[in-house]
Amino acid sequence: MKAMILKGLSRFAENPAPLVPVELPEPAPGEGEILIAVSACGVCHTELDEIEGRTPPPAYPIIPGHQVVGTVAARGAHAGRFQIGERVGVGWIYWACGHCDACRAGTENLCAGFRATGRDANGGYAEFLTVPEAFAHAIPGIFSNSEAAPLLCAGAIGWRSLRLAGLSDGQNLGLTGFGASAHLVLLAVRHRFPRAKPFVFARSERERAFARELGAAGAGATEEAPPEKLQAVIDTTPAWKPVVEALKHLAPGGRLVINAIRKEESDKAELLRLDYPTQLWQEKEIKSVANVARSDIREFLELAAEIPLRPAVEEYPLADANRALAELKAGKIRGAKVLRMA
Ligand SMILES: [Zn+2]
Ligand SMILES: [Zn+2]
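Just so we're clear, the structure is a prediction, and the values are computed from it rather than from any experiment. (Residues numbered from 1 in each chain as written. Chains lettered and ligands numbered in written order. Predicted model: local features only at pLDDT ≥ 70, side-chain atom pairs only at ≥ 80, totals over all residues. Heavy atoms only, no water.)

Trainee: Even after reading the chapter, I still don't get the coordination of the zinc ion (ligand 1), so can you show me in this structure?
Mentor: Six octahedral donors around a metal ideally sit at 90 or 180 degrees from one another, while four tetrahedral donors ideally sit at 109.5 degrees. Bound to the zinc ion (ligand 1) on the protein side are Cys 44 (SG), His 66 (NE2) and Cys 153 (SG), at distances that span 2.0 to 2.2 Å. Ordering the donors of the zinc ion (ligand 1) by residue number gives the pattern C-x21-H-x86-C. Of this pair, Cys 44 sits in the loop between β3 (33-43) and α1 (45-51) while His 66 sits in the loop between α1 and β4 (68-75), placing them 22 residues apart in sequence. Judged by its relative accessible area of 1%, His 66 falls in the buried class. (Donors = N, O, S within 2.8 Å, 3.2 Å for Na, K, Ca; no water. Helix = DSSP H or I, 4+ residues; strand = E, 2+ residues; numbered from the N terminus. Buried < 20%, exposed > 50% of the residue type's maximum accessible area, 1.4 Å probe, protein only.)

Written out as structure tokens, the structure reads:
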């Protein structure tokens, strides 16, 4: 099978093509696993974190990709949940133990043994992958393969962030950064909280114009002040400045949710500008989002089908994975980037 593999850590500035095209044997599904023939795989900012070492894979080579849509091509022993040919998806959660305190409390995303697709196990930048069938998801029929892919991470983790933000209808929500995840959160908010006002803060005018097009109540630059205080903010940027700026605009008791697996170090000095009376006092909260649980993916797929929510996607052939990642790194984004296998 064709695959794009990562052989070791790399920096985009020095190596614009960190993934290498290879021909590999098709994997065989083990007990309780299914083999998926991949149709589409979303491109996520977390791949940049894996490649550049902010959340490094434990072993190489590894096939990245954790927003995988395809069809069941084979079933291992004792795997009977899906039929051959059925369309399924795989998100960031590849496996959790099921019996630790976190798993039993319904927070399998915090499982100490959590394994991530495309980091701890081979992912979807390939023609095939295997996955434990319990961690695969049926895909609603109304979505094309490319539309379904970004729902599995960008959408599901956006949904988890929105839940953790504790937003109620009629409140103001800030979104800092406007990539794949934030654009899906905006569409979900408009449906779920029709009287809420979403304000978007993004570095490029292209992203801000896209946010207005999708129904944002306002869109401005990172350092701009919104017309009203915000009860909640979801940050999807890799930087610190948007966090420091957003805290200024939170209403008393407001919550900032950071939806990023890692932050980059380049503007960490911005944190020294933090002013306790204006940015943290008044019971403001900061919370991070870690991974996703299967329920986040399931709930978001259901919601997206009910709305129905159509992600804006830009498609690339598998062989152009490096170009898609380089454009993501450079901030050339409109919606979600997806690799198509055929
Ligand atoms: Zn992701
Ligand atoms: Zn566990």
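Moving on from the model shown.
Trainee: Would you mind going over the sheet that holds strand β10 (residues 172-176) with me for this structure?
Mentor: Sheet strands associate in pairs through backbone hydrogen bonding, adopting either a parallel or an antiparallel arrangement. Spatial ordering of the open sheet is given by β12-β11-β10-β13-β14-β15, a layout of six strands whose pairing is parallel. The open sheet has two edge strands with one neighbour each: β12 (218-220) and β15 (285-288). Across the sheet, the mean angle from the axis of one strand to that of its neighbour is 20 degrees, orientation sign disregarded. Bridge count for strand β13 (residues 230-235) against strand β14 (residues 250-258) is five bridges, and the pairing is parallel. Looking at the pairing, Asp 235 lines up with Ile 258 of β14. Docked against the sheet, helix α5 (residues 180-192) engages β10, β11 (197-201) and β13, running at close to 165 degrees with respect to β10. (Pairing = 2+ DSSP bridges. Axes fitted to C-alpha atoms, helices over the stretch in contact; angles between N-to-C directions. Contact = heavy atoms within 4.5 Å.)

Trainee: Where do I start with the packing of aromatic side chains in this structure?
Mentor: This model, assessed by the stated rule, comprises two aromatic pairs. Plain terms: the ring middles of Trp 159 and Phe 300 are 6.4 Å apart, the flat faces sit at 45 degrees to each other, and that makes the pair tilted. Of this pair, Trp 159 sits in helix α4 (residues 154-165) while Phe 300 sits in helix α9 (residues 294-306), placing them 141 residues apart in sequence. Arranged with centres 5.8 Å apart and planes meeting at 70 degrees, the rings of Phe 178 and Phe 210 form a pair that is edge-to-face. (Phe/Tyr/Trp six-rings, centres within 6.5 Å; stacked < 30°, edge-to-face > 60°.)

Trainee: I tried to follow α5 on my own but got confused; where do I start?
Mentor: Helical periodicity: at 3.6 residues per turn, an α-helix aligns residues three or four positions apart in one direction. Taking 1.5 Å of rise per residue, the 13 residues of α5 would be expected to cover 18 Å, and the 19 Å separating its terminal C-alpha atoms lies within 8% of that figure. Of all 13 residues making up α5, 10 are buried, and the element is well covered by its neighbours. (Expected span 1.5 Å × (residues − 1).)

Trainee: Help me understand the environment of Glu 285, please; the structure alone is not making it clear to me.
Mentor: Its place among the elements puts Glu 285 in strand β15. It is 7.1 Å that separates the C-alpha atoms of Glu 285 and Gly 253, two residues lying 32 residues apart in sequence. Each residue touching Glu 285, except ones within four places of it in the same chain, is listed here: Leu 250, Gly 254, Arg 255 and Leu 256.

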